[in-house]
Amino acid sequence: MNDALFLKVKLMNPIRSLTLALILTLAACGNETEESRRGEASHLTTPASNPRDQNAPNDLSIGILGKVLYSTESPDTAEEGINHDLGSASTITIELCDTSLMDAPSELIHSVTLDDVQALPAPFQMPLDGFGLELGRVYSLSAFVDADQNSTTSAGDLSSVWSHSLTDAQVRVITEETPGVVEVNIHVESF
């Protein structure tokens, strides 16, 4: 009887070992799948992985990266914008506002200014480390190109006329546990 019991235990140990190895392999594959999903999302939004933005600033770790484009088409169209000479050194102000409340003025969250811009498209970056964006809020980007740098709206100036709101997915990328960078282009045209 001892030989039969020994044989049973000897056969069961490899089966247990194989079962444990299979469980560990499946667990590792499950973690790898989750990591690769997060990596794919980061791959789509990080500036270094997007070959179109080779001339864009790339030292941003949390925030928004994009271009101010001259375009008369909706941002949803395939047109990337037109090379547009501004004629002189211009200032571009890019603002991120909370536009969640319909019966109240928008709240300025952050703005960046680009000086001495000669032409469009113009790359920009907006760092958002520590700004505490919240899911469920509506955040919109706008740009104003002050061609004569007089700080008022005048002939030759350009402005965004289309909605450039961040999606919930983009806000998640900026605010998640390991935040990243999203790409948003802003279309501007003449008044």
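Okay, so let's go over this structure. (Residues numbered from 1 in each chain as written. Predicted model: local features only at pLDDT ≥ 70, side-chain atom pairs only at ≥ 80, totals over all residues. Heavy atoms only, no water.)

A few points about the side chain of Ser90
Next up, step 1: Assignment of secondary structure puts Ser90 in strand β2 (residues 84–98).
Next up, step 2: Those residues within four positions of Ser90 in sequence are excluded, and the remaining contacts are Leu114, Asp115, Asp116, Val117, Val145, Asp146, Ala147 and Gln149. (Helix = DSSP H or I, 4+ residues; strand = E, 2+ residues; numbered from the N terminus. Contact = heavy atoms within 4.5 Å.)

Some thoughts on unusual backbone geometry
Next up, step 1: Note that the residue after Leu120, namely Pro121, is joined by a cis bond; omega there is 5°.
Next up, step 2: Structurally, Pro121 can be placed in the loop between β3 (107–120) and β4 (122–127).
Next up, step 3: Even without glycine at this site, Asp116 takes up a positive phi of about 55°.
Next up, step 4: Examined against the element boundaries, Asp116 turns out to sit in strand β3.

Notes on the pattern of salt bridges
Next up, step 1: Applying the stated criterion to the full structure yields one salt bridge.
Next up, step 2: With its nearest N and O atoms 3.0 Å apart, the salt bridge here joins Arg137 to Asp98. Taken together, the residues span a long stretch of sequence, with Arg137 in the loop between β4 and β5 (139–146) and Asp98 in strand β2 at a distance of 39 residues.
Next up, step 3: Here Arg137 falls in the partly exposed class, since its relative accessible area comes to 28%.
Next up, step 4: For Asp98, a relative accessible area of 9% corresponds to the buried category. (Salt bridge = Lys/Arg side-chain N within 4 Å of Asp/Glu carboxyl O. Buried < 20%, exposed > 50% of the residue type's maximum accessible area, 1.4 Å probe, protein only.)

Details of the nonpolar core
Next up, step 1: If you look at the biggest cluster of nonpolar residues, it comprises 30 residues, and the most contacted ones within it are Ile64, Ile92, Ile94, Leu96, Leu120, Leu141 and Leu166.
Next up, step 2: Residue assignment for this core shows that the elements contributing at least two residues are β1 (63–70), β2, β3, β4, β5, α2 (168–175) and β8 (186–190).
Next up, step 3: Those residues in contact with Ile64, other than ones at most four positions away along the chain, are Leu96, Phe124, Gln125, Met126, Leu128, Leu141, Leu166, Ile174, Val182 and Val184. (Core = buried A, V, L, I, M, F, W, Y, C linked by side-chain atoms within 4.5 Å.)

Side note on α2
Next up, step 1: When α2 is considered as a whole, its buried residues turn out to be Gln170, Val171, Val173 and Ile174. The buried residues of α2 occupy an angular sector of 155° when the element is viewed end-on, so they sit on one face. (Arc of directions from axis to C-beta.)

Concerning the environment of Leu114
Next up, step 1: By the secondary structure assignment, Leu114 is in strand β3.
Next up, step 2: Put simply, Leu114 and Ile92 are 22 residues apart on the chain and 5.0 Å apart in space, counted from C-alpha to C-alpha.
Next up, step 3: In this structure Leu114 touches Ser90, Thr91, Ile92, Ile94, Ala122, Pro123 and Phe124, once residues within four positions along its chain are discounted.

Notes on the side chain of Ser154
Next up, step 1: Secondary-structure assignment places Ser154 in the loop between β5 and β6 (158–159).
Next up, step 2: Side chain to side chain, Ser154 and Asp148 meet in a polar contact 2.8 Å long.
Next up, step 3: Contacts of Ser154, omitting those with residues within four sequence positions, involve Asp148 and Phe191. (Polar contact = N/O pair within 3.5 Å; in protein donor to acceptor, adjacent residues only side chain to side chain.)

Considering the pairing of β8
Next up, step 1: Here β8 lies mainly inside the structure; four of its five residues are buried.
Next up, step 2: Bridge analysis of β6 against β8 gives two bridges, and the strand direction is antiparallel. Within β8, the position partnered with Leu158 by the bridge is Ser190. (Pairing = 2+ DSSP bridges.)

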